Amino acid sequence: LWAYATAKETNSTLFEEAGDAIVALDSLDEFNPQHLSNISWAFATANESHPKLFKKIADHIIGLDNLGSFNGQDISNLVWAYATSK
């Protein structure tokens, strides 16, 4: 997803199916902060909408004990993606 967004290529089917697969997971515990920020960033950059995915990621982050594992770039990318996404 990141590569598609970086290359300014779009494939709505790919983004939709990837988003659906992530939403279907029981937990996002296997995703580190960079994964979460890159996924969010890619969707926003590619102008792809997936509200359920963004909610799942937000709910996961809210459920964490703290944000100590997130660096400034992770937080910046996440905030930008949520502000920009449609």
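A brief report on the enclosed structure follows. (Residues numbered from 1 in each chain as written. Predicted model: local features only at pLDDT ≥ 70, side-chain atom pairs only at ≥ 80, totals over all residues. Heavy atoms only, no water.)

### Concerning the packing of aromatic side chains
Given two aromatic rings, their pairing is described by the distance between the two centres and the angle made by the two planes.
Moving on, step 1. All chains considered together, the criterion is met by three aromatic pairs.
Moving on, step 2. Note on F15 and F43: the rings are 5.0 Å apart at their centroids and 90° apart in plane angle, and the pair reads as edge-to-face. Taken together, the residues span a long stretch of sequence, with F15 in helix α2 (residues 12–24) and F43 in helix α3 (residues 33–45) at a distance of 28 residues. The pair formed by F15 and F43 is uniform in burial state, with each residue classed as buried. (Phe/Tyr/Trp six-rings, centres within 6.5 Å; stacked < 30°, edge-to-face > 60°. Helix = DSSP H or I, 4+ residues; strand = E, 2+ residues; numbered from the N terminus. Buried < 20%, exposed > 50% of the residue type's maximum accessible area, 1.4 Å probe, protein only.)

### Comments concerning the environment of S27
Moving on, step 1. Within the secondary structure, S27 sits in the loop between α2 and α3.
Moving on, step 2. Looking at S27, the relative accessible area reads 35%, which means it is partly exposed.
Moving on, step 3. When the C-alpha positions of S27 and K56 are compared, they lie 9.1 Å apart, and in sequence the two are 29 residues distant.
Moving on, step 4. Among the polar contacts listed, one links the side chain of S27 to the backbone nitrogen of D29, at a separation of 2.9 Å. (Polar contact = N/O pair within 3.5 Å; in protein donor to acceptor, adjacent residues only side chain to side chain.)

### What about the environment of V23?
Moving on, step 1. For V23, the position within the fold is in helix α2.
Moving on, step 2. A relative accessible area of 25% means that V23 is categorised as partly exposed.
Moving on, step 3. With sequence-adjacent residues up to four places away left out, V23 is seen in contact with H50, K52, L53 and K56. (Contact = heavy atoms within 4.5 Å.)

### Looking at the side chain of N77
Moving on, step 1. Take N77: it is sitting in helix α5 (residues 72–84).
Moving on, step 2. Among the residues examined, N77 registers a relative accessible area of 14% and is labelled buried.
Moving on, step 3. Excluding anything up to four places from it in sequence, N77 contacts S37, N38 and W41.

### Re the pattern of salt bridges
Moving on, step 1. According to the stated counting rule, one finds one salt bridge in the structure shown.
Moving on, step 2. Notably, a salt bridge pairs D59 with K55, separated by 2.7 Å at the nearest N-O pair. Separated by four residues within a single helix, D59 and K55 lie in helix α4 (residues 51–62), roughly one turn from each other.
Moving on, step 3. Among the residues examined, K55 registers a relative accessible area of 52% and is labelled exposed. (Salt bridge = Lys/Arg side-chain N within 4 Å of Asp/Glu carboxyl O.)

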